[in-house]
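Results of the structural survey
One letter stands for each residue in the lines below.
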Amino acid sequence: MDPFLTLLHSFSSSLSDGELSSLKFLCRGKIGKRKLESVRSGGELFSILLEQQLIASHEVSFLEGLLESIKREDLVSQLKQFVEEGEVNAPDDQPDVHEKPFEVICENVGRDWKILMRKLGFSEVKMDRVVAANPFNLREQLAQSLREWQKWKGRDAKVTDLIKALRGCNMNLVADRVEQ
């Protein structure tokens, strides 16, 4: 399996709908309008960029610029690490959206998700933005909030902090499941 494609797939999975829209807008000068309108995922956009040879495993400057423009420094650092090492390595101490903790929390924390996010130090304004972006989807509100928290904390986003916050909110069952 191509490590660069694996990296692009992980990037695609971590992009929110808003970030994908921003990337599509930024690609307007390089990709035709009709093609861009048909793009529904980061993977589709990356496929077009690969086809048009705007990005490749040895040519990442355009991709780096796109990610910097949408303020995804976490993805930029993974991309730089890939270029330096020639392979995909997720930072060890940073929970990834594919990992179990976020999934477990999203499955088990319901309407009280804002209490958890407050414990994690997440601001009301950011929570309001997430709610406005996903008005009728409670699970997506929590997932987006956790991703935003991870982006905000960067390398300091640790699973132990999530567990501590869950216990602080008396969500001990969820904390136990995250620990397993």
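Above: the structure in question.
Presented here is an overview of the structure given in this document. What you see is a predicted model; the values in this text were computed from it and never measured.

What counts, and where the lines are drawn
- Per-chain numbering applies: the sequence of each chain, read as written, is numbered from 1 onward.
- In keeping with the model being predicted, local features are shown solely for residues with a pLDDT of at least 70 and side-chain atom pairs are shown and tallied solely at 80 or more, while totals for entire chains, interfaces and linings include all residues.
- Here the side-chain values reflect all heavy atoms present in the structure, with hydrogen atoms and water set aside.
- What makes a salt bridge here is a side-chain nitrogen of Lys or Arg within 4 Å of a carboxyl oxygen of Asp or Glu, nothing more.
- Buried residues are those whose accessible area, probed at 1.4 Å on protein chains only, stays under 20% of the maximum for their type, while exposed residues exceed 50% and partly exposed ones sit between those limits.
- In this description a helix means any DSSP run of H or I spanning at least four residues, a strand means any run of E spanning at least two, and both kinds are numbered starting from the N terminus.
- Relevant arc is that of directions from the helix axis to the C-beta atoms, nothing else.
- Two residues form a contact once any of their heavy atoms are found within 4.5 Å.
- Orientation is described by lines fitted to C-alpha atoms, with helices fitted over the stretch in contact, and by angles between N-to-C directions that extend from 0 to 180 degrees.
- Oblique is the label for any angle not covered by the other classes, which are roughly parallel (under 35 degrees), roughly antiparallel (over 145) and roughly perpendicular (65 to 115).
- Side-chain classes are defined by residue name, with Ala, Val, Leu, Ile, Met, Phe, Trp, Tyr, Cys and Pro counting as nonpolar, Asp, Glu, Lys and Arg as charged, and the others, Gly among them, as polar.

**Describing the pattern of salt bridges**
- Under the criterion given, the structure shown has nine salt bridges.
- Among the salt bridges present, the one from Glu140 reaches Arg147, with a minimum N-O distance of 3.7 Å.
- Owing to a relative accessible area of 25%, Glu140 belongs among the partly exposed residues under this scheme.
- On the basis of relative accessibility, which here comes to 19%, the residue Arg147 falls in the buried class.
- Taken together, the salt bridges that share partners define one network made up of Glu19, Arg72, Asp74, Glu148 and Lys151.

**What to know about helix 5 (residues 61–69)**
- All of the buried residues along helix 5 are Leu63, Leu66 and Leu67. Take helix 5 and look down its axis: the buried residues cluster within an arc of 95°, on one side only.
- Tucked into the core, helix 5 has its buried residues touching helix 1 (3–14), helix 2 (17–26), helix 4 (42–51) and helix 6 (73–85).
- Positive backbone phi, at 60°, marks Lys71, one or two positions downstream of helix 5.

**Focus on helix 12 (residues 172–179)**
- If you check which residues of helix 12 are buried, you get Val174, Ala175 and Val178. All buried residues of helix 12 lie within an arc of 100° about the axis, which places them on one face of the element.
- On its buried face, helix 12 is in contact with helix 7 (100–108) and helix 11 (159–168).

**Focus on the packing of helix 1 against helix 6**
- The N-to-C vectors of helix 1 and helix 6 enclose an angle of 175°; their axes lie 11 Å apart at closest approach. Taken together, the axis directions place helix 1 and helix 6 in an arrangement best described as roughly antiparallel. Contacts from Pro3, Phe4, Leu7, Ser10, Phe11 and Ser14 of helix 1 reach helix 6 at Leu75, Gln78, Leu79 and Phe82.
- By residue class, the composition of the contact of helix 1 with helix 6 is seven nonpolar, three polar and no charged.

**Considerations on the environment of Val174**
- Structurally, Val174 can be placed in helix 12.
- Each C-alpha atom of the pair Val174 and Val109 lies 7.4 Å from the other, and the pair is 65 residues apart in sequence.
- Look past the residues within four positions of Val174 in its chain and what remains in contact with it is Val104, Ile105, Asn108, Val109 and Leu166.

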